[in-house]
Amino acid sequence: MQQKLIQIAGIVWTLVYASIIVWIYATEPRSFKEVTTNTRVAAGIYEVNEEKFNNGLELFRRDQFRAARDVWAGADPAQQDPRTQFYIAYAFYREGWGRVYYDDALFKQGLEAVNRAINLAPNGILTIDDANLQMHTAAELKTELEQGMERSWKDLNPLKLFRERK
Amino acid sequence: MNAYADRNRALLNFIVLPTVLLSVGLLGGLRIDGQTRQFVFIAPPLVTLLLAMLLMSLFLRVGAIDLRRWLTIEQPMLTNVSHLLTLVALFFASAQAFNSVLPENGLLHWMFSFFFLWTLWTNQFSIFDPRRLLRSLVVLFATAFVLKHLVIAGLYAPEGGWLRRLTSTLLQGIAIDVPAFAPATGYISFFALALYVGGLLLIALVPTQAATTQIDGPLVKEDIPSETSARLPD
């Protein structure tokens, strides 16, 4: 009987340990901290660090976009929160926006972040209620970023110099 | 035979052995980046799966694993399932042991792979017994470990001296791409290989132990095949 119990325990343990190994290789954590974060995500107890998020928001409102993104990256290390990812994308948009031209590299990163936000949002619809923003949905932001990266004859229109950042 | 021995054997076979083999599976692909000190997990390349298959075939050929004892209709289903999982774990542990000592990419990766393939292929047609096979594998992995983690890592270390310059000059024009990993990678690889060899030693004990721990009752020496019983004490 005892042997049978040991065998059952062995089989269960082997399957669990093998699953953990497969999961580690699939998620490729870069540190023990990331292992912990990924475990929290997998267990469904992952939460954004609200204090860091608010600090990032303050920096964002003072137009310190790069610093804001760094703080938000710390607030949402697993990139699992749609709201934080939306703000990160917005920070890329505002930093990359220029009256004469847009910074394609920043817009591209912004597009990646907003796509993450859309994928994480329920039904892919994300609305942010923030009076300081002019674009409140992820779809609007995505369109703006995509249009900013497109090349057309309209780019030569001198009236574009009078456009406003959103 | 007392109850403690039975229980300890069961713990060894059904819990310790799979744990050891799976730990090799975990550590075999782990590297530490030289600059950022972050984990880098390298899944076993296809060639290591091929090498693991050749090695499994070698284990079967020399009788280190006797499938008729590991998986048989006369055993309880749980024992068979447990043995099957251990064999799968052994396969992936072998693949990861190779992964651990293979250079990650470039010309050296293919050279090492070729030498492993060549050795394992020729071994398929050699006369071996389990003990000699184990010794041969220890030498094979130890050589590859020394070459990869001591010689090559030393030659291509960022702070390498005249030896590095000499090698660079000699091998000028040949694309040898050696990623820079932290020295901790060598320690992890050493630990993984030590665990693998330990696992192989334990594997060698399993068939006879499984045979003696049948539910039907203790097995006498005469019930065990001649080549296995020759290695058992009276």
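What counts as what
- Residues numbered from 1 in each chain as written.
- Chains lettered and ligands numbered in written order.
- Predicted model: local features only at pLDDT ≥ 70, side-chain atom pairs only at ≥ 80, totals over all residues.
- Helix = DSSP H or I, 4+ residues; strand = E, 2+ residues; numbered from the N terminus.
- Rg over C-alpha atoms; globule rule 2.2 N^0.38 Å.
- Buried ≥ 20, exposed ≤ 12 C-beta atoms within 10 Å, placed from the backbone.
- Contact = placed C-beta atoms within 7 Å.
- Domains from an automatic or database assignment.
- Expected span 1.5 Å × (residues − 1).
- Bend = angle between axes of the 7 residues up to and from the residue.
- Nonpolar A, V, L, I, M, F, W, Y, C, P; charged D, E, K, R; others polar.
- Arc of directions from axis to C-beta.
- Axes fitted to C-alpha atoms, helices over the stretch in contact; angles between N-to-C directions.
- Parallel < 35°, antiparallel > 145°, perpendicular 65-115°, else oblique.
- Left-handed = near helix turned anticlockwise from the far one by under 90°.
- Core = buried A, V, L, I, M, F, W, Y, C linked by C-beta atoms within 7 Å.
- pLDDT = per-residue confidence, 0-100.

**Q** Pulling in residues and values, what's your account of the overall build of chain A?
**A** Within chain A one finds seven helices and zero strands. Ordering the α and β elements of chain A from the N terminus gives α-α-α-α-α-α-α. Taking 15 Å as the expected radius of gyration for a compact globule of 166 residues, we find that chain A reaches 21 Å, considerably beyond that expectation. Residues counted as buried form 29% of the 166 residues belonging to chain A. Counting only contacts in chain A whose residues sit at least 6 apart along the sequence, the fraction spanning at least 24 positions is 55%.

**Q** So what about the overall build of chain B? Which residues, and what values?
**A** The helix and strand inventory of chain B stands at nine helices and two strands. For chain B, the α and β elements follow one another from N to C terminus as α-β-β-α-α-α-α-α-α-α-α. Relative to its full complement of 234 residues, chain B shows a buried share of 29%. Partitioning the intrachain contacts of chain B with sequence separation of at least 6 by distance along the chain shows that 79% fall at a separation of at least 24.

**Q** Explain the domain arrangement of chain A residue by residue, including any values.
**A** When cut into domains, chain A gives domain 1 (2-43) and domain 2 (50-162). Using C-alpha coordinates to define each centre, domain 1 of chain A is positioned 36 Å away from domain 2 of chain A.

**Q** Go over helix H1 (residues 3-27) of chain B, please, and point to the residues and values.
**A** For H1(B), spanning 25 residues, the distance from its first C-alpha to its last is 34 Å, which sits close to the expected 36 Å at 1.5 Å a residue. At Leu12(B), H1(B) shows its largest kink, close to 35°.

**Q** So what's going on with the interface of chain A and chain B? Residues and values would help.
**A** In this complex, chain A contributes 20 residues to the contact, which on the side of chain B involves 23 residues. Looking at side-chain class alone, the side of chain A that touches chain B contains eleven nonpolar, six polar and three charged residues.

**Q** So what's going on with helix H2 (residues 46-62) of chain B? Residues and values would help.
**A** Residue and element names in this part refer to chain B. The first and last C-alpha atoms of H2 sit 25 Å apart over 17 residues, in line with the 24 Å expected at 1.5 Å per residue. For H2, the set of buried residues is Thr-48, Leu-51, Ala-52, Leu-55, Leu-58, Phe-59 and Val-62. Down the axis, H2 shows its buried residues gathered within 115° of arc, on one side only. Elements in contact with the buried residues of H2: helix H4 (77-101), helix H5 (106-123) and helix H6 (130-155).

**Q** Account for the packing of helix H6 (residues 104-120) of chain A against helix H7 (residues 138-149) of chain A, naming residues and giving values.
**A** Geometry of a packed helix pair, given as the angle between the helix axes and the separation of the axes. Residue and element names in this part refer to chain A. Running from N to C, H6 and H7 cross one another at 155°; their axes reach a closest spacing of 9 Å. With respect to H7, the element H6 is oriented roughly antiparallel. The two elements H6 and H7 cross, and the hand of that crossing is left-handed. Here Asp-104, Phe-107, Lys-108, Gly-110, Leu-111, Val-114, Ala-117 and Ile-118 of H6 lie close against H7, whose contacting residues are Ala-138, Leu-141, Lys-142, Leu-145, Glu-146, Gly-148 and Met-149. Here the residues of the contact of H6 with H7 are counted per class, giving nine nonpolar, two polar and four charged.

**Q** Give a detailed account of the environment of Glu51(A), specifying residues and quantitative values.
**A** Structurally, Glu51(A) can be placed in helix H3 (residues 50-61). For the pair Glu51(A) and Ala89(A), spaced 38 residues apart in sequence, the C-alpha separation works out to 19 Å.

**Q** Describe in detail unusual backbone geometry, supporting the description with residues and values.
**A** For Asp63(A), which is not glycine, the phi torsion reads 65° and is therefore positive. Phi is positive for Asn123(A), close to 60°, though the residue is something other than glycine.

**Q** I'd like a rundown of the nonpolar core, residues and numbers included.
**A** All names here are of chain B. By size, the foremost hydrophobic cluster in this structure holds 41 residues, and its most contacted members are Leu-21, Val-24, Ala-93, Ala-97, Phe-98, Ala-192 and Tyr-196. Within the residue set of this core, elements represented by two or more residues are H1, H2, H4, H5, H6 and helix H8 (184-212). Those residues in contact with Ala-97, other than ones at most four positions away along the chain, are Val-24, Gly-28, Phe-141, Ala-192, Leu-193 and Tyr-196.

**Q** How would you explain the confidence of the model for chain B if you had to name every residue and give the values?
**A** The predicted structure's coordinates, where accompanied by low pLDDT, should not be read in detail. Residue and element names in this part refer to chain B. On average, residues of chain B score 82 in pLDDT, and 77% of them are at 70 or above. In this model residues 213-234 is a low-confidence stretch, pLDDT under 50, and it forms 21 contacts with partners more than four residues away in sequence or in other chains. Of the two predicted TM-score estimates for the complex, the pTM is 0.74 and the ipTM is 0.80.

**Q** Break down the packing of helix H5 (residues 82-96) of chain A against H7(A) for me, with residues and values.
**A** Residues and elements named next belong to chain A. Relative orientation of the contacting elements H5 and H7 amounts to 30°, with a least axis distance of 11 Å. On the basis of the axis angle, H5 is roughly parallel to H7. The chirality of how H5 crosses H7 is left-handed. Along its contact with H5, which presents Phe-86, Ala-89, Tyr-90 and Tyr-93, the element H7 presents Ala-138, Leu-141, Glu-144 and Leu-145. Looking at the contact of H5 with H7 residue by residue, the class counts come to seven nonpolar, no polar and one charged.

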